[in-house]
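Results of the structural survey
Given next are the chains, with one letter for each unit.
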Amino acid sequence: MDKLFLSLFAFLISFAGFSQLQPENAGFENWEDVGLDTDEPIGWSSIKTSDNSFLNGLAPYVWDQSSDAHSGTYSVKLFNASILTTVAAGTITNGQVHADFNPDNAYVFTNADNPDWNTPYTLKPDSIVVWAKYFPVGGDVAQLKAVLHTGYAKIPDVAQSNWLAVAQIDISDETSVWTRFSAPFNYLSNTEPEYILFVINSGGTSATANSAAYIDDVEIIYNPVILDLTAFLEGPYKENKVMSAHLIPDILPNNQPFNVAPWNYNGDENFTSLPSNNIVDWVLIEIRDAADANSATAATTVGMQAGFILKNGSIVGMDGISRIFFPVYIYQNLFAIIHHRNHLPVMSNFPLTKVNGEYVYNFSTSSSQNYGNTNAVVELDNLEPPVWGMIGGDANADGLINTNDGIQVWYLQVGGSGYLSSDVNLDGQAGNRDKNDVWFHNIGRSSQVPD
Ligand SMILES: [Ca+2]
Ligand SMILES: [Ca+2]
Ligand SMILES: [Ca+2]
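Residues numbered from 1 in each chain as written. Chains lettered and ligands numbered in written order. Predicted model: local features only at pLDDT ≥ 70, side-chain atom pairs only at ≥ 80, totals over all residues.

Describing the overall build of the chain
Scanning the chain from terminus to terminus reveals four helices and 30 strands. Judged by the C-alpha coordinates and their principal axes, the chain covers about 90 × 40 × 40 Å. Considering the chain as a whole, with its 451 residues, one finds that 44% of them fall into the buried category. (Helix = DSSP H or I, 4+ residues; strand = E, 2+ residues; numbered from the N terminus. Buried ≥ 20, exposed ≤ 12 C-beta atoms within 10 Å, placed from the backbone.)

Next up, the structure:
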């Protein structure tokens, strides 16, 4: 129970870094031009601010601020209204409305040229939720549709141009108490999105006058990849599946060290006070989404995050306890890579599978757990079965262990102490033991992670 709580707690902390997690003003609490016929919930747009300034003046008023709210003070009320010989459906969008004299030709779209009419978004959520009340007339069906896309896109669009995923909630029954509706995103492609486009209406294609929908608390739901990874580093390995932790409390840097080549990872993972007495060092976790291990190249990377590797091989987040996770959707199979600043990286030889909600993988139980098998790891002891670990000695982090790791790094640092790249046994000093116990006997080894 404690662990679950901590996981969720850390989940919230880490997600705080993603500003785009939820739509702006998703609870419809904030309004502009209140009292006018052009009042709109901030962050949302109506037919009164369409791309057709002539029609904007003629368009009927088919939405309103409502004090009947699911949460907070307000919701948005959408309703269908007769205009001339047709019926306009109450509609709002986070994009822009394209208005047309013939409602059948109207749509909403992402206007990539104007930030008022687009919502940048690069995540891969699980589903969409909305709270609603609905009072349909005729056979009307209220609808919320969300589309993840690249470039320009519109809804509706038979061709689904640039659409990457779509979630659609249909509400057809009269619903007189606030009710939660949800629908999953159906992914059409594994491309990274650039925008999210919503449209919400009170009865679409065959709108009947006076259908009314009250909408509140639009929410994007994430089903993150939570990783339970275990591995050992050759340098600090002692025995019986335990590593030494000599870099704490004073040598371990407060900020993740992978913001330099070859990783060039610019995450802001850091700590102010040491969260655990079991931290061996920083590691960088990379996840890839590919059909199989052979095709899990760098082009298939879907996330990177820095964490800590503990004495017992567990890899954890910034609180020193909870799992690392990514707000991503895995389209094919999930492969995990562990990077260390002076050990060769390892990639899982098999797709990670979910056990009780977490993707569990132990790199140390067999050489075949690692892509490249015995070329990727070193046997660390003679337990039965033996423990396999990441190969130390790559002081210049070029994926090869050779004399350059000595010429370029070790010989320059030997005798020094601190957070040194040639300190491959992680005891806080660059000395002969780094050379003799680790680097020398690994010369000729190389990274097996696909480029
Ligand atoms: Ca509200
Ligand atoms: Ca090297
Ligand atoms: Ca050392």
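Digging into helix α4 (residues 432-439)
Restricting attention to buried positions, one finds in α4 the residues D434, K435, V438 and W439. The arc enclosing the buried residues of α4, seen along the axis, measures out at 115°, which places them on a common side. Along α4, exposed side chains directed more than 90 degrees from the buried face belong to N432 and N436. Looking at the packing, one finds that the buried side of α4 touches α3 (404-413). (Arc of directions from axis to C-beta. Contact = placed C-beta atoms within 7 Å.)

A word on the sheet that holds strand β9 (residues 107-109)
One open sheet accounts for three strands, arranged β8-β9-β12; its pairing is antiparallel. The outermost strands of the open sheet, each flanked by one partner alone, are β8 (96-98) and β12 (154-155). Relative to β12, β9 is paired through two bridges, and the arrangement is antiparallel. Bridging from a neighbouring strand, F109 pairs with K154 of β12. (Pairing = 2+ DSSP bridges.)

Notes on the sheet that holds strand β13 (residues 163-171)
In any sheet, the strands associate via hydrogen bonds between backbone groups, in a parallel or an antiparallel arrangement. Spatially, β7-β16-β11-β13-β15 is the arrangement adopted by the five strands of the open sheet, whose pairing is antiparallel. Edge positions in the sheet fall to β7 (91-93) and β15 (186-187), since each of these pairs with one other strand and no more. Pairing between strand β11 (residues 142-149) and β13: eight bridges, direction antiparallel. By the bridge assignment, V147 is partnered in β13 with V166.

Quick notes on the environment of S189
Note on placement: S189 falls in the loop between β15 and β16 (195-201). Expressed as a C-alpha distance, the spacing of S189 and L164, which sit 25 residues apart in the sequence, is 5.1 Å.

With respect to the domain arrangement of the chain
What the domain assignment lists for the chain is domain 1 (23-221) and domain 2 (225-442). Taken residue by residue, the interface counts five residues in domain 1 and five residues in domain 2. Residue composition of the side of domain 1 that touches domain 2, by class: two nonpolar, one polar and two charged. (Domains from an automatic or database assignment. Nonpolar A, V, L, I, M, F, W, Y, C, P; charged D, E, K, R; others polar.)

Some remarks on the packing of α3 against α4
Closest axis-to-axis distance for the α3/α4 pair is 12 Å, and the angle between their directions is 155°. The orientation of α3 with respect to α4, classified from their angle, is roughly antiparallel. Classified by chirality, the crossing of α4 by α3 is right-handed. On α4, the residues that touch D405, G406 and W410 of α3 are D434, K435 and W439. For the contact of α3 with α4, the per-class residue count stands at two nonpolar, one polar and three charged. (Axes fitted to C-alpha atoms, helices over the stretch in contact; angles between N-to-C directions. Parallel < 35°, antiparallel > 145°, perpendicular 65-115°, else oblique. Left-handed = near helix turned anticlockwise from the far one by under 90°.)

Quick look at the nonpolar core
A231, I285, I315, A336, I338, V346 and M390 are the most contacted members of the largest nonpolar core, which has 64 residues in total. Examining the composition of this core, we find that eight residues originate from one element, strand β21 (residues 279-290), more than from any other. Dropping the residues within four chain positions of it, A231 is found in contact with I309, G313, I315, I338, V346, F363, S364, G389 and M390. (Core = buried A, V, L, I, M, F, W, Y, C linked by C-beta atoms within 7 Å.)

Some thoughts on the pairing of β13
With two bridges joining them, β13 and β15 adopt antiparallel strand pairing. Note on β15: the bridge partner recorded for A165 is Y187.

Some words on the pairing of strand β18 (residues 225-230)
With burial as the criterion, only one face of β18 is covered, namely that bearing V225, L227 and L229; the residues I226, D228 and T230 on the opposite face remain uncovered. Where β18 lies against strand β24 (residues 324-326), three bridges are found, and the strand directions are antiparallel. In the strand pairing of β24, I226 is matched with F325. Taken together, the four bridges between β18 and strand β28 (residues 358-362) define a ladder with parallel strand orientation. Pairing of L229 across the sheet is with Y361, part of β28.

Concerning unusual backbone geometry
In the segment running from I155 into P156, the intervening peptide bond is cis, with an omega of -5°. For the peptide bond that leads from A261 to P262, omega is 5°, which places it in the cis range. Within the element layout of this structure, P262 appears in the loop between β20 (242-243) and β21. Positive phi, normally seen in glycine, also occurs at A397, with a value near 55°. Within the fold, A397 resides in the loop between β30 (388-390) and α3. With phi around 55°, L426 is a residue other than glycine that occupies positive phi space. With respect to the element layout, L426 can be found in the loop between α3 and α4. Given 30 C-beta atoms within 10 Å, L426 falls into the buried group.

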